[in-house]
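Summary of the model geometry
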Amino acid sequence: MTLFCGIDVGTTNLKVLLLGESGKTLWVKSVPAPHLHDGLGVVTDATALVATTETLIIEGWKALGQGRAITAISAAGIGEDGVATDADLKPLGHAIQWNDRRGESYANALGQTETAKRHPAIVMDFTTSAGKWAWLNQHKPRELSRAKHWLTMTDFALATWSGTPFMSATLAPRTGCFDVFSRSWLPELLQQSQSPPLPKLIEAGGIIGSMRNGCLTAAGAADANTLLVAGGHDHLIAASAVRRILKDARIDSMGTANATYGETATLTPDHDKQGLYVTLPISGAKGAAVIGMTEFSVTLGHCVKDVSALFKILLTHDKVSDIPTDIRTALAAMARQTTYHWSAMTKAGVPPAPIFAMGGWSRCPALMQMRANIFTEPITVVDEPEMVAMGAALFAAQGSGKLLTFSPAEHSHVIEPDSH
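For clarity, every value in this text was computed on a predicted model and none was experimentally measured. Counting restarts for each chain: residues are numbered from 1 in the order of the written sequence. Totals for whole chains, interfaces and linings use all residues, but because this is a predicted model, local features are given only for residues with pLDDT of at least 70 and pairs of side-chain atoms are given and counted only at 80 or more. To obtain the side-chain values, all non-hydrogen atoms of the structure were included, while hydrogens and water were left out.

Salt bridges are identified by distance alone: a Lys or Arg side-chain nitrogen within 4 Å of an Asp or Glu carboxyl oxygen. For the structure shown, the criterion picks out 12 salt bridges. Across the salt bridge formed by aspartate 38 and arginine 102, the nearest N and O atoms sit 2.9 Å from each other. With aspartate 38 in the loop between β4 (35-37) and β5 (42-44) and arginine 102 in the loop between β8 (95-96) and α2 (104-111), this residue pair connects regions lying 64 residues apart in the sequence. In the salt-bridge network here, residues are joined through shared partners; they are Asp8, Lys15 and Glu386. Counting from the N terminus, the helices are DSSP H or I runs at least four residues long and the strands are E runs at least two residues long.

Printed below as a string of structure tokens:
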């Protein structure tokens with residue numbers, strides 16, 4: 001059996017998916033990501049993250065009857081969180097989570113520099129790596145002063161397994177120091193944020209190297225021929241799976257954050273982005289990609305004490321009228337924000353195309369009916385539950401020379417807007 005492995009390094013959970021040569025999911029599992037609290041916020045122990053990932057991969061490989069080693073592995077994730085490492089790729093500290101605000105004032109100051117103002121496509125906010133680098137230099141200077149490399153949590157396991165430092169290309173814009181239009185780093189911003197040494201960029205689907213000896217090879221789940229393949233930013237990697245079927249599909253990804261995604265060949269640096277984030281196209285094509293971002297779970301957290309409990313309730317609601325009034329109001333406001341993103345994307349040059357929804361919240365029938373009504377157009381809901389891991393597995397296959405077509409575990413279904 002030929003197996004390809006996709007890893008989703010999520011904010012809350014870590015997921016591993018094993019894909020067969022037919023393009024169908026053969027095994028998938030999600031476990032809580034190994035986080036710690038450093039007294040200021042949530043951080044990640046990179047070594048523990050690798051160990052947890054290895055345990056999951058071995059579990060899945062054994063569940064499928066062992067046999068041949070996995071052919072190729074790729075990973076996707078947020079990207080703003082990372083660690084400084086020594087020359088042997090050993091972490092010198094913990095990774096600050098992307099949504100941690102300790103670097104916000106530093107990021108705001110960087111955003112007011114003349115360099116940042118000359119590049120209006122760069123959004124320098126609390127999520128960007130640059131603000132975290134500046135914070136680390138002030139509060140934990142020994143971490144970055146000793147650094148030989150900076151590795152994102154998305155890329156850390158693959159870099160460790162291959163012995164090759166790298167950064168998945170679509171994670172570069174998330175630092176706040178990368179110009180999408182020139183496809184280059186901005187030395188002034190790197191200097192002003194006191195960035196650690198950054199590794200080479202590799203496009204999604206590009207080969208990093210092969211597996212070295214370790215837990216995976218000792219178990220038999222991998223061997224020296226197992227390829228390690230670059231992935232990238234989670235929303236983009238998930239979108240790429242659908243866009244293998246429909247090239248210009250507009251993506252409505254609904255997880256912890258709600259992200260809309262599209263690609264444009266005509267966007268210019270001085271265009272009014274109307275709140276959209278500009279990034280690299282996952283396809284590696286010319287032009288740019290744009291993302292509209294809404295803090296989905298955080299916004300709902302202002303309405304209810306337990307968002308996870310609300311999610312379980314909404315899974316059972318079929319009618320919009322079943323949703324409690326205050327929750328319905330918040331959900332409708334976020335849907336209207338998404339329509340604003342659709343409009344901004346069109347003005348940015350993203351061609352009109354059908355909308356595909358994915359992510360955990362897209363499994364809530366009444367919520368999706370509400371969004372179709374507000375969008376006033378159909379939504380195709382993709383029934384594959386782990387689209388980020390699926391997209392990563394497809395890039396793993398691509399890196400090994402297999403161009404697989406995404407095949408949902410079950411048929412996708414279409415939500416039509418109510419006519420009344």
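The next thing to look at is helix α1 (residues 46-63). Counted at 1.5 Å a residue, the expected span for α1 with its 18 residues is 26 Å, and the 26 Å between its end C-alpha atoms agrees. For α1, the N-terminal capping position is held by aspartate 45, with its side-chain oxygen 3.0 Å away from the main-chain nitrogen of threonine 47. Just downstream of α1 lies glycine 65, where phi reads positive at about 95°. In a helix, the anticipated span is given by 1.5 Å times the number of residues less one. The definition of a polar contact used here is a pair of N or O atoms within 3.5 Å, where within protein one atom must be able to donate a hydrogen and the other to accept one, and adjacent residues in sequence count solely through side-chain atom pairs.

Tracing the chain through its elements places valine 28 in strand β3 (residues 25-32). Three labels apply to residues, based on accessible area from a 1.4 Å probe with only protein chains included: buried if under 20% of the type maximum, exposed if over 50%, partly exposed otherwise in between. Assessed through its relative accessible area of 32%, valine 28 is described here as partly exposed. With 361 residues separating them along the chain, valine 28 and alanine 389 place their C-alpha atoms 8.7 Å apart. Only heavy atoms matter for contacts: two residues are in contact if any of them lie within 4.5 Å across the pair. Other than its neighbours up to four places away in sequence, valine 28 contacts Val16, Leu17 and Glu386.

The next point concerns the environment of alanine 366. Examined against the element boundaries, alanine 366 turns out to sit in helix α13 (residues 365-375). For alanine 366, a relative accessible area of 0% gives the class buried. In this structure the C-alpha to C-alpha distance between alanine 366 and lysine 319, which are 47 residues apart in sequence, comes to 4.8 Å. Once you skip the residues sitting within four places of it in the chain, alanine 366 turns out to touch His317, Asp318, Lys319, Val320 and Ile323.

Note on aromatic contacts: the rings of Phe and Tyr and the six-membered ring of Trp form a pair at centre separations within 6.5 Å, being stacked when their planes are under 30 degrees apart, edge-to-face when over 60 apart, and tilted otherwise. On inspection of all chains with the given rule, the structure shows 5 aromatic pairs. Both rings, one in phenylalanine 296 and one in tryptophan 361, keep their centres 5.1 Å apart while their planes meet at 50°; by these two values the pair is tilted. Here tryptophan 361 lies in the loop between β20 (355-358) and α13 and phenylalanine 296 lies in helix α10 (residues 296-301), a separation of 65 residues in the sequence. The exposure class of phenylalanine 296 is buried, given its relative accessible area of 0%. Relative to phenylalanine 375, the ring of tryptophan 342 lies with its centre 6.0 Å away and its plane at 85°, an arrangement referred to as edge-to-face. Taken together, the residues span a long stretch of sequence, with tryptophan 342 in helix α12 (residues 325-347) and phenylalanine 375 in helix α13 at a distance of 33 residues. The two residues tryptophan 342 and phenylalanine 375 agree in class, both being buried. These aromatic residues form a ring-pair network of at least three members: Phe296, Phe311 and Trp361. In this analysis the charged atom, NZ for Lys or CZ for Arg, is taken to sit over a ring once it is within 6 Å of the ring centre and within 35 degrees of the ring normal. A cation sits over an aromatic face here: arginine 101 above phenylalanine 126, 3.7 Å from the ring centre.

Quick look at the nonpolar core now. Counting 65 residues, the largest nonpolar core has Phe296, Leu300, Leu331, Trp361 and Ile379 as the members making the most contacts within it. Looking at this core, the element that brings in the most residues is α12, giving 9 residues. In this view, leucine 331 contacts Phe296, Leu300, Leu314, Ile323, Leu367 and Met370; residues no more than four positions away in its chain are not counted. Within the second largest apolar cluster, 38 residues are counted, among which are Leu14, Val16, Leu49 and Phe166. In these notes, a set of buried Ala, Val, Leu, Ile, Met, Phe, Trp, Tyr and Cys residues joined through side-chain atoms within 4.5 Å is what counts as a nonpolar core.

Let's shift gears to the sheet that holds β8. At least two DSSP bridges between two strands are needed for those strands to be called paired. Spatially, β4-β5-β8 is the arrangement adopted by the 3 strands of the open sheet, whose pairing is antiparallel. Each of the sheet's edge strands pairs with one partner strand only, and the pair in question is β4 and β8. Summarising the sheet, β5 and β8 pair through 2 bridges and their orientation is antiparallel. The partner of valine 43 across the bridge, within β8, is isoleucine 96.

What holds strands together in a sheet is hydrogen bonding between their backbones, with the strands either parallel or antiparallel. Pairing within the open sheet is mixed, and its 7 strands lie in the order β18-β19-β17-β16-β20-β21-β22. Lying at the two open borders of the sheet, with one neighbouring strand each, are β18 (277-279) and β22 (413-415). Pairs of neighbouring strands in the sheet enclose a mean axial angle of 25°, with direction left out of account. Sheet topology places strand β16 (residues 250-254) next to β20; 4 bridges connect them, and they run parallel. Its bridge partner being in β20, isoleucine 251 is matched across the sheet by phenylalanine 356. Fitted lines through C-alpha atoms serve as axes, helices being fitted only where they are in contact, and the angles separating the N-to-C directions of these axes extend from 0 to 180 degrees. Across the sheet, α12 is in contact with β16, β17 (258-264), β19 (288-294) and β20; its angle to β17 comes to roughly 10°.

A separate point is the pairing of β17. In terms of residue burial, β17 counts as a mostly covered element, since 7 of its 7 residues are buried. The side-chain alternation of β17 yields two buried faces, one formed by Asn258, Thr260, Gly262 and Thr264 and the other by Ala259, Tyr261 and Glu263. Note: β16 against β17, 4 bridges, orientation antiparallel. Bridging across to β17, serine 253 finds its partner in alanine 259. The antiparallel hairpin formed by β16 and β17 contains 3 residues in its connecting segment.

Side chains that are three or four residues apart share a direction in an α-helix, a result of its 3.6 residues per turn. Judged by how many residues are buried, helix α9 (residues 234-243) sits mostly within the fold: 10 of 10 residues are covered. Looking at α9, one finds that the buried residues are Asp234, His235, Leu236, Ile237, Ala238, Ala239, Ser240, Ala241, Val242 and Arg243.

A few words now on unusual backbone geometry. Even without glycine at this site, glutamine 66 takes up a positive phi of about 60°. Position of glutamine 66 among the secondary structure elements: in the loop between α1 and β6 (72-77). With a phi angle near 55°, glutamine 194 is a residue other than glycine that sits in the positive phi range. Position of glutamine 194 among the secondary structure elements: in the loop between α7 (187-192) and β13 (201-202). Relative accessible area serves as the criterion here: at 41%, glutamine 194 is assigned to the partly exposed category.

Honestly, it's all geometry; don't read function into it.
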